[in-house]
Amino acid sequence: MVMGVVKELSRFTIALQLWSCGITLPPLYVQHRWRSLFVLLVPNAFYAFFITSAFAFALFPFRFLESLLLGASLTATDPVLASSIVRGTLAEKYLPTRVRNILTAESGANDGIAYAVFMMPLLLMRESPGHAIGKWIYEIILFEIMLAVLVGAAIGYVAGRIERIGLKDEITGKDSMVVITVALTLVTVGVIRMWGGNEFFACFTGASVYARSLAASVRHDQQRVQSAFDYTLTAVYCVLLGLVLPWHRFYEIGYGLLISFSILSVLFRRVPIFVANARLMPVFEGNVYHAIFTGFFGPMGSAAVYYAVEAHEHLESANSLMIYDVVLWTVFSTGILFGVLSFPGMRLLHLLDAKHQKEWKPPGYLGSSTRSKLHRADGGIRGRVGRRQENCGSRYRTVRVYSASEVRFYICKLRSLVIPKNRMVEASGPSSSVLGTRACIF
């Protein structure tokens, strides 16, 4: 009874947060950042799945497939806890926009990937390997996931078109449209659950398609209303989760093992692979600090609890309850840890990011002294830009001049390519020592 309530409340909380993630992201964000999202959802997610399963297999008395099931439950990045990190005045002040957007997009799309990973060991426990793989491909991937994506996109497109027509023809007002996302969440979950599809993929896809048809003002109003619903439902969910924590079973498992598993999961579940693949994700622009922050703050929450309840319902094993207990402990302990470290982490990232921007130099940077000099064509006398060169009696030209900004660097490069040689003037006096063309010094 209690697990049933936790499961359904987790389902609705995740679905509402996924709609919120889809509306919060800029239009066409997934299409623009598909390379970074592919790295996040394929190699990074599978690394988190395997490393968490390895820790569970080493610390707890689980069989191999049971360890994979627990690792799959903890693969998803929870959109509920992630929203508390990327939203608010502190996040807008200290977190770069690209970090907030990529963490939001990952938490939205990762829940559906976790479902595909979760179903593989569950099918291998019931079927032979050949039948399990075939069923996983045509039933889970093609039917439950891909068809759910198409249905969710259709719901979002139709809802967006109807809303656009209603606002254009003044059939309805903006005040009555700001709560439509809650209704669309219930409609999407109900439609997908009628034929057994994956509602998480459908909600995120539908929200992404729906947000493309919204005006900026309407999307802003809906985000405000959605945030109010999210905070209220998240508070209720956290209170319920705290009430159902099985402390006596935690004691039977052993607090030492549980704490060790939580620490290993936080340190090694995401951070190493994010650092290793930072240069493969264009969204980070080579900034390792952003990759470390995104990798560390990938919380486990309501999605992990939902899949743990699913494992307990479908797994015919004596360890099914232990899987549920370990997941609850991990969500509880890491949730407290992320809540305590979120603001110090944002502040530290802000300081490191400022230092990185100050020390960053574009490719081919020669330094301030070389950058600010004009060289004589014959390699003789040198003089700084802006200083008057008296009685030099020779031609001057600019040599590899760069700015501290990447955009200005490319502008300088373009200018150096298009300026002809005959525009360099010959110095004949104190006032003629400055070049006839503007030097690209910023």
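Residues numbered from 1 in each chain as written. Predicted model: local features only at pLDDT ≥ 70, side-chain atom pairs only at ≥ 80, totals over all residues. Heavy atoms only, no water.

A. Spatial organisation of the packing of helix α8 (residues 129-168) against helix α10 (residues 199-212). Where α8 meets α10, the closest approach of the two axes is 7 Å, and the angle between their N-to-C directions is 30°. Here α8 lies roughly parallel to α10, going by the angle between them. Once α8 is placed against α10, the crossing between them reads as right-handed. Residue-level contacts link I145, A148, V149, G152, A153, G156, Y157, A159, G160, E163 and R164 of α8 to F201, A202, T205, G206, V209, Y210 and R212 of α10. Among the residues forming the contact of α8 with α10, the class breakdown is ten nonpolar, five polar and three charged. (Axes fitted to C-alpha atoms, helices over the stretch in contact; angles between N-to-C directions. Helix = DSSP H or I, 4+ residues; strand = E, 2+ residues; numbered from the N terminus. Parallel < 35°, antiparallel > 145°, perpendicular 65-115°, else oblique. Left-handed = near helix turned anticlockwise from the far one by under 90°. Contact = heavy atoms within 4.5 Å. Nonpolar A, V, L, I, M, F, W, Y, C, P; charged D, E, K, R; others polar.)

B. Main features of the packing of aromatic side chains. In this structure the tally under the stated criterion is 21 aromatic pairs. Ring geometry for F200 and Y306: centres 5.3 Å apart, planes at 70°, overall edge-to-face. Of this pair, F200 sits in helix α10 while Y306 sits in helix α16 (residues 302-314), and the two are 106 residues apart along the sequence. Y306 gets classed as buried once you look at its relative accessible area, which sits at 5%. Summarising the aromatic geometry, the rings of F296 and F338 are spaced 5.8 Å apart at their centres and angled 90° between planes, so their arrangement reads as edge-to-face. Of the two residues, F296 is situated in helix α15 (residues 288-296) and F338 in helix α17 (residues 320-359); the sequence distance between them amounts to 42 residues. By relative accessible area, F338 is classed as buried at 5%. (Phe/Tyr/Trp six-rings, centres within 6.5 Å; stacked < 30°, edge-to-face > 60°. Buried < 20%, exposed > 50% of the residue type's maximum accessible area, 1.4 Å probe, protein only.)

C. Representation of the side chain of T294 within the structure. With respect to the helices and strands, the residue T294 is situated in helix α15. Residue classification places T294 among the buried positions, given a relative accessible area of 0%. Among residues more than four places away in sequence, those in contact with T294 are V99, I102, L103, E106, R270, F274 and F284.

D. Quick peek at the nonpolar core. In this structure, F60, L70, F118, Y210, F261, V305 and V326 are the most contacted members of the largest nonpolar core, which totals 90 residues. With twelve residues, helix α7 (residues 97-126) is the single largest residue contributor to this core. Apart from the residues within four sequence positions on either side, V305 is in contact with V6, S10, Y237, L241, V327, L328 and V331. (Core = buried A, V, L, I, M, F, W, Y, C linked by side-chain atoms within 4.5 Å.)

E. Looking closely at the confidence of the model for the protein chain. Per-chain confidence: the protein chain averages 78 in pLDDT, with 76% of residues scoring 70 or above. Considering only residues more than four positions removed or in separate chains, one finds that residues 360-404, a stretch of pLDDT under 50, has 73 contacts. Low pLDDT (under 50) marks residues 420-442, which in the prediction has 39 contacts with non-local residues, meaning those over four places away or in another chain. (pLDDT = per-residue confidence, 0-100.)

F. Examining α8 more closely. Along its 40 residues, α8 runs 55 Å from first to last C-alpha, staying within 8% of the 58 Å computed at 1.5 Å per residue. If you look at α8, its biggest bend is around 30°, right at W136. Listed as buried for α8 are A132, I140, E144, I145, A148, G152, I155, G156, A159, G160, E163 and G166. Just downstream of α8 lies E170, where phi reads positive at about 60°. (Expected span 1.5 Å × (residues − 1). Bend = angle between axes of the 7 residues up to and from the residue.)

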